[in-house]
Amino acid sequence: MSFDEFLSSAVTGSDAESLTPLSVVEIIVPAIIIGFVISLVYLLTHKKAGYSQAFCVSLIVLAPIVAIVILLIGNNVARAFSLAGAFALIRFRSAPGDPKDIAFVFMSVVMGLACGMGYWLYAAIATAIILCVIVILHLTNYAGKKGDTYTLKITVPETLNYVGAFDEPLKKYTNNYKLVRVKSVDFGALFELSYNVQLKDDKQIREMLDDIRAMNGNLKIMLSTEQEAVKSFHFQ
């Protein structure tokens, strides 16, 4: 029995007429290439913000996996419901990402669907256009702000009048800043001030923190990005 005959015996109906090793390759290979291009553009546009290796690999394999799913389903409604039940048991476990990460995942899945349905040429054209738009928006920093946005938390003693106390260093090292929260800690013995700040220059972080430490009695200071994970400085 040839490999073509083996594949044909594994499917029924109209699938048996169309499923061949060549047709499988023609669906899977374009999906892998498209997934790789999507992952590559994600890497290029997230060098500064940082990225996860597992996430980049997932972008590559998602497209061919979805293509295989569509290939298995074909026009068989029973298979569609069976696979839907199987996928319902799987939970995608990952730390919440920003909207751009979700967009990359969704694009990889959609292009995998297109390849699985045999429209790999349309998927390639759509991928090229969408990724060109993403690169242009990234290079032009569309809707971006000057400087990264950070959360600055300053601990001060209860005896310090914190209103406007740190205006001088904040004006010196940031483009803009805003006091968003004041919280008492250690049973009211200390206050924690939370600011949203946009730094003028990331290289001056140390100097800014040193100036603030000299004013808050060398108590705890924490500077972090909005995700509270990419860049963090903790002094006490």
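Located above this text is the structure these notes cover.
Residues numbered from 1 in each chain as written. Predicted model: local features only at pLDDT ≥ 70, side-chain atom pairs only at ≥ 80, totals over all residues. Heavy atoms only, no water.

With that settled, the discussion passes to the overall build of the protein chain. If you tally the helices and strands in the protein chain, you get 9 helices and 5 strands. Counting from the amino terminus, helix and strand elements in the protein chain follow one another as α-α-α-α-α-α-α-β-α-β-β-α-β-β. In the protein chain, of all internal contacts separated by at least 6 residues, the share reaching a separation of at least 24 is 66%. Element-wise, carbon and sulfur atoms account for 63% of the exposed surface of the protein chain, whose accessible area totals about 15,000 Å². (Helix = DSSP H or I, 4+ residues; strand = E, 2+ residues; numbered from the N terminus. Contact = heavy atoms within 4.5 Å. Areas by Shrake-Rupley, 256 points an atom, 1.4 Å probe, with all protein chains shown as cover.)

Put simply, side chains in a regular strand alternate between the two faces of the sheet. The buried count for strand 1 (residues 149-157) comes to 8 of 9 residues, which makes it a mostly enclosed element. In the sheet, strand 1 pairs with strand 3 (residues 190-199) via 9 bridges, with the strands oriented antiparallel. Bridge pairing in strand 3 links Val156 to Phe191. Pairing analysis gives 5 bridges linking strand 1 to strand 4 (residues 221-225), with the strands arranged antiparallel. Residue pairing across strands places Lys153 opposite Met222, the latter belonging to strand 4. (Buried < 20%, exposed > 50% of the residue type's maximum accessible area, 1.4 Å probe, protein only. Pairing = 2+ DSSP bridges.)

All right, on to the environment of Leu43 then. Structurally, the position occupied by Leu43 is in helix 3 (residues 21-45). When its relative accessible area of 24% is taken as the criterion, Leu43 is described as partly exposed. As for Leu43 and Cys56, which are separated by 13 residues in sequence, their C-alpha atoms are 7.4 Å apart.

One non-glycine residue, Asp186, lies in the positive phi region at around 55°. Of note, Asp186 is situated in the loop between strand 2 (174-185) and strand 3. In this structure Asp186 comes out as exposed when scored by relative accessible area, which is 51%. For Asn218, which is not glycine, the phi dihedral falls at a positive 60°. The class for Asn218 is partly exposed, based on a relative accessible area of 40%.

Once that is clear, we can look at the packing of helix 3 against helix 4 (residues 53-73). Where helix 3 meets helix 4, the axes come as close as 8 Å, and the angle between the chain directions of the two elements is 155°. Between helix 3 and helix 4, the interaxial angle falls into the category roughly antiparallel. Considering only the axes of helix 3 and helix 4, their crossing is right-handed. The residues of helix 4 that touch helix 3, namely those facing Val24, Ile27, Ile28, Ala31, Ile32, Gly35, Phe36, Ser39, Tyr42 and Leu43, are Phe55, Cys56, Leu59, Ile60, Ala63, Pro64, Ala67, Ile68 and Leu71. Of the residues that constitute the contact of helix 3 with helix 4, the class distribution is 17 nonpolar, 2 polar and no charged. (Axes fitted to C-alpha atoms, helices over the stretch in contact; angles between N-to-C directions. Parallel < 35°, antiparallel > 145°, perpendicular 65-115°, else oblique. Left-handed = near helix turned anticlockwise from the far one by under 90°. Nonpolar A, V, L, I, M, F, W, Y, C, P; charged D, E, K, R; others polar.)

Turning to the nonpolar core, a few remarks are in order. Counting residues in hydrophobic clusters, the biggest one holds 19 residues, and the most contacted among them are Ile38 and Phe104. Secondary structure elements with two or more residues in this core: helix 3, helix 4, helix 6 (99-116) and helix 7 (120-139). Residue contributions to this core peak at 7 residues, all from helix 3. What Ile38 contacts, discounting residues up to four positions off in sequence, is Phe104, Met107, Ser108, Met111, Thr127 and Leu131. Counting residues in hydrophobic clusters, the runner-up holds 17 residues, among them Leu193, Met208, Ile212 and Ile221. (Core = buried A, V, L, I, M, F, W, Y, C linked by side-chain atoms within 4.5 Å.)

So, about helix 3. Taking 1.5 Å of rise per residue, 25 residues should cover 36 Å, and helix 3 covers 36 Å from first to last C-alpha, within 8% of that figure. Considered for burial, the residues of helix 3 that qualify are Ser23, Ile27, Ile28, Pro30, Ala31, Ile34, Gly35, Ile38, Ser39, Val41, Tyr42 and Thr45. (Expected span 1.5 Å × (residues − 1).)

The next point concerns helix 4. Compared with the 30 Å implied by 1.5 Å per residue over 21 residues, the 30 Å span of helix 4 between its first and last C-alpha is a close match. Along helix 4, the largest kink reaches about 30° and is centred on Val61; proline Pro64 follows within four residues of it. Those residues of helix 4 lying buried are Phe55, Cys56, Leu59, Ala63, Pro64, Val66, Ala67, Val69, Ile70 and Ile73. Positive backbone phi, approximately 55°, marks Gly74, located one or two places after helix 4. (Bend = angle between axes of the 7 residues up to and from the residue.)

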